[in-house]
Every structure is written in C-alpha cells, then in structure tokens.
Amino acid sequence: MKNYSSFNLVLHVFIGFCVIVWGSSYVAVQIGLEDFSPSQLAAYRFTVASAVLLPTLVFKKISVPKPKEWLYILAIASAGIVIYHIALNYSSVYYPATSVSFVANSMPIFAIIIATLFLGEQTSLLGWIGVLLAMIGIGLLNYEGLRSLDLEMLMLIIIPISSAVFFVFQKPLLKTLRSYEVMFYSILVGTLVLLVLDHSFLIVIPKAAISTNLAAIYLGLIPTAIAFNLWAYVLSKLEVSYTSRYLYLVPVFTVFFSFIILNQIPKQNVLLGGGIILFGVYLSQRK
C-alpha cells in the first residue's frame with residue numbers, strides 16, 4: 001500500500017477535480033440537448049475531445065496497437081463510446097440529470113454480471129446481494145417505465161451495460177497496452193464512428209445558442225479530454241481500489257449542479273433509488 005502523504009495532496013486535488021466535473025457533465029448534456037440531437041451532441045463532444053487528445057501522439061510516447069487489436073478497439077469503442085453516449089444523451093432528454101447519473105454509476109454491477117457470464121469470474125454472496133440491491137434501486141428510479149419497459153427505460157439501462165462491456169472486454173488489450181492507451185485509442189476510434197453516423201452537428205453549430213455550444217465544448221474539453229488525462233495519471237500513482245471509492249461522489253455533485261444550474265430538485269424515489277444503487281455498488285466491490 002502506498003503512503004498517502006503530502007506527496008499525494010496534488011493527486012487528491014486531481015481526484016476531486018475529476019469527480020466534480022464528471023458530476024457536472026450530466027447537467028451539461030441536458031443543456032447541450034437544447035439545440036443538438038443525442039447523436040449530434042455525442043459527435044460534437046468527442047470531436048472536441050479528440051482534437052485535444054491528438055497531440056498526445058506527438059508529446060507522449062504511447063504504444064501502437066497491432067492490426068488485430070484495432071478490430072478489438074473498434075468493438076469496445078462502439079460499445080463504450082458510441083452506444084454509451086448516444087444512450088446517455090437520449091435518456092437525458094426524458095430523465096433528469098440526477099437519475100441518469102445514478103444509473104450510469106451502477107456500471108460495476110453490470111460488469112460483475114458480464115464478467116461472470118462471459119469470463120467465468122467468481123463473485124461472492126455479498127457481491128450478488130449488491131447486484132440485487134442496485135437492480136432494485138434502478139427500478140425505484142422509474143418503476144412505471146420498468147413495468148412497461150418503454151424505449152426510454154431501455155435506453156437508460158443500456159448506459160451502464162455498454163459501459164460495463166467496454167471495461168470488461170478491454171482486458172485482453174491490457175496485456176500489451178496500458179489502460180490509458182486503450183482509452184485514448186477508444187476515444188479516437190469512437191469519434192470516427194460517431195462522425196460517420198452523424199456529422200450534421202457541424203451545420204447546427206452556427207444556428208445553436210452560445211450556451212449549448214459552450215456546453216458541448218465543455219463536455220469534450222473538461223470531463224472527457226482533461227479529466228481523462230488527469231485520472232490516468234492518478235491511476236498510475238494510486239491503487240484503483242483506493243481511487244474508485246471517490247467515484248461514489250459523482251452523483252452527489254450531479255444533484256448539486258442540477259439544483260444550482262437547472263433548478264431540478266430530485267424526487268424522493270430518485271434519491272432513495274440512487275442511494276440504494278450506490279450502496280449496492282459499494283457492497284459488490286467489497287473484498
């Protein structure tokens with residue numbers, strides 16, 4: 001175990017910065033959707049992020065994937081970048097930012113299920129109790145949508161599933177590439193796929209309000225490009241098990257920014273369901 005001393009003060013500032021901006025990102029998405037469609041906003045966001053991250057190829061020495069690995073990167077990028085962000089943006093049209101944040105941060109639960117089903121990994125009884133609690137929490141966020149399984153509810157559930165697919169199935173790549181390299185290439189490839197699917201945001205930009213353009217640029221620049229680099233640096237210095245506990249605070253900041261910026265006050269079922277989700281995730285990750 002590393003010594004979390006004064007040397008790590010800067011690292012904890014980085015952690016706090018990432019958690020805060022990731023919490024704010026769900027609010028920025030709702031602002032961006034005032035003028036951009038879900039696919040347009042996703043393409044806009046990652047075009048900005050890729051433009052910022054591309055200099056990494058010049059200033060930072062990173063490994064180049066092998067030909068086979070590019071196909072694997074395309075697969076996980078399609079899940080973790082393309083499907084994830086289109087589903088997140090689509091859900092943000094119908095659900096408040098707080099609900100989307102709570103569900104998105106239930107990803108570890110679905111990672112456990114996928115790893116068990118496809119990779120044969122073992123999970124403790126406590127882990128399965130956490131999975132069950134998180135599922136109950138998701139149901140409480142929108143029990144009517146769960147009962148009817150409408151498209152909006154299905155898209156909401158796709159958010160953590162697609163994210164879990166990305167993180168679970170990147171494991172083979174981690175044998176030859178570092179985690180930040182996998183994320184870096186996934187962002188670049190995901191951006192290309194998003195641009196192929198929908199690049200009409202370029203036409204909308206001049207017509208869109210300043211606030212929505214700034215929201216899209218903010219999403220690509222701060223929570224995606226800058227926070228990605230900072231978090232990668234933090235993970236290179238501190239244990240994942242230590243840093244991951246701070247991610248429970250992301251929905252808390254989403255609640256705060258939703259109230260301050262959007263004047264959204266979460267309903268009781270959202271706070272209760274969200275709390276149960278986070279507690280379920282906490283149980284599932286205990287050794």
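Please read these numbers as outputs of a predicted model, since none were measured by experiment.

Thresholds applied
- Residues numbered from 1 in each chain as written.
- Predicted model: local features only at pLDDT ≥ 70, side-chain atom pairs only at ≥ 80, totals over all residues.
- Heavy atoms only, no water.
- 1 Å grid on protein atoms, 1.4 Å probe; cavity = no way out; pocket = protein on both sides within 12 Å on 5 of 7 lines; lining within 4 Å.
- Points joined across faces, edges and corners; volume = space filled by probe spheres on them.
- Helix = DSSP H or I, 4+ residues; strand = E, 2+ residues; numbered from the N terminus.
- Nonpolar A, V, L, I, M, F, W, Y, C, P; charged D, E, K, R; others polar.
- Salt bridge = Lys/Arg side-chain N within 4 Å of Asp/Glu carboxyl O.
- Buried < 20%, exposed > 50% of the residue type's maximum accessible area, 1.4 Å probe, protein only.
- Core = buried A, V, L, I, M, F, W, Y, C linked by side-chain atoms within 4.5 Å.
- Contact = heavy atoms within 4.5 Å.
- Polar contact = N/O pair within 3.5 Å; in protein donor to acceptor, adjacent residues only side chain to side chain.
- Phe/Tyr/Trp six-rings, centres within 6.5 Å; stacked < 30°, edge-to-face > 60°.
- Expected span 1.5 Å × (residues − 1).
- Bend = angle between axes of the 7 residues up to and from the residue.

Draft legend 1. Representation of empty space enclosed by the protein. A full pass over the atoms with the stated rule returns one cavity of 30 Å³ or more. In this structure, the largest cavity encloses a volume near 30 Å³. If you go around the largest cavity, the residues you meet are Leu53, Thr56, Lys60, Tyr180, Phe184, Phe228 and Asn229. Mapped onto the lining of the largest cavity, the elements with two or more residues apiece are helix H10 (179–197) and helix H12 (210–237). Looking at the lining of the largest cavity residue by residue, the class counts come to four nonpolar, two polar and one charged.

Draft legend 2. How the structure looks around the pattern of salt bridges. The final tally for this structure, using the stated rule, is one salt bridge. Residue Arg178 pairs with Glu181 through a salt bridge whose shortest N-O separation is 2.9 Å. The exposure class assigned to Arg178 is partly exposed, which follows from its relative accessible area of 44%. Residue Glu181 is classed as buried on the basis of its relative accessible area of 0%.

Draft legend 3. Fine view of the nonpolar core. One finds Tyr26 and Ile159 to be the most contacted residues of the largest nonpolar core, which totals 88 residues. Once you skip the residues sitting within four places of it in the chain, Ile159 turns out to touch Tyr84, Ala87, Leu88, Ser91, Val100 and Ala104.

Draft legend 4. Region of interest: the side chain of Asn213. By secondary structure assignment, the location of Asn213 is in helix H12. Once residues within four sequence positions are removed from consideration, Asn213 is found in contact with Phe36, Tyr44, Ile205 and Ala208.

Draft legend 5. The side chain of Ser186, seen in detail. As for its position among the elements, Ser186 is in helix H10. According to the relative accessible area criterion, Ser186 is buried, its value standing at 0%. There is a polar contact of 2.7 Å between the side chain of Ser186 and the backbone oxygen of Val182. Discounting chain neighbours no more than four positions away, the residues touching Ser186 are Ile73, Ile76, Ala77, Ile81 and Phe166.

Draft legend 6. Summary view of the packing of aromatic side chains. By the definition in use, this model includes eleven aromatic pairs. A centroid spacing of 6.2 Å and a plane angle of 70° characterise the contact between Phe14 and Tyr233, whose relative ring orientation is edge-to-face. Residue Phe14 is located in helix H1 (residues 9–32), and its partner Tyr233 is located in helix H12; the two are separated by 219 residues in the primary sequence. Of the residues examined, Tyr233 reaches a relative accessible area of 38% and is grouped as partly exposed. Look at Tyr248 and Tyr282: their rings are 6.4 Å apart centre to centre, the planes differ by 70°, and that puts the pair in the edge-to-face class. Of the two residues, Tyr248 sits in the loop between helix H13 (240–243) and helix H14 (250–262) while Tyr282 sits in helix H15 (residues 268–284), which places them 34 residues apart along the sequence. Pairwise contacts between aromatic rings join Phe36, Tyr44 and Phe201 into one cluster.

Draft legend 7. Expanded view of the environment of Lys207. Along the polypeptide, Lys207 turns up in the loop between helix H11 (201–204) and H12. Residue classification places Lys207 among the exposed residues on the basis of a relative accessible area of 69%. For Lys207 and Asp35, which are 172 residues apart along the polypeptide, the C-alpha to C-alpha distance reads 8.5 Å.

Draft legend 8. Highlighting helix H4 (residues 67–94). Between its terminal C-alpha atoms H4 stretches 40 Å, which fits the 40 Å expected from 28 residues at 1.5 Å a residue. Taken as a whole, H4 carries its principal kink of about 35° at Ala77.

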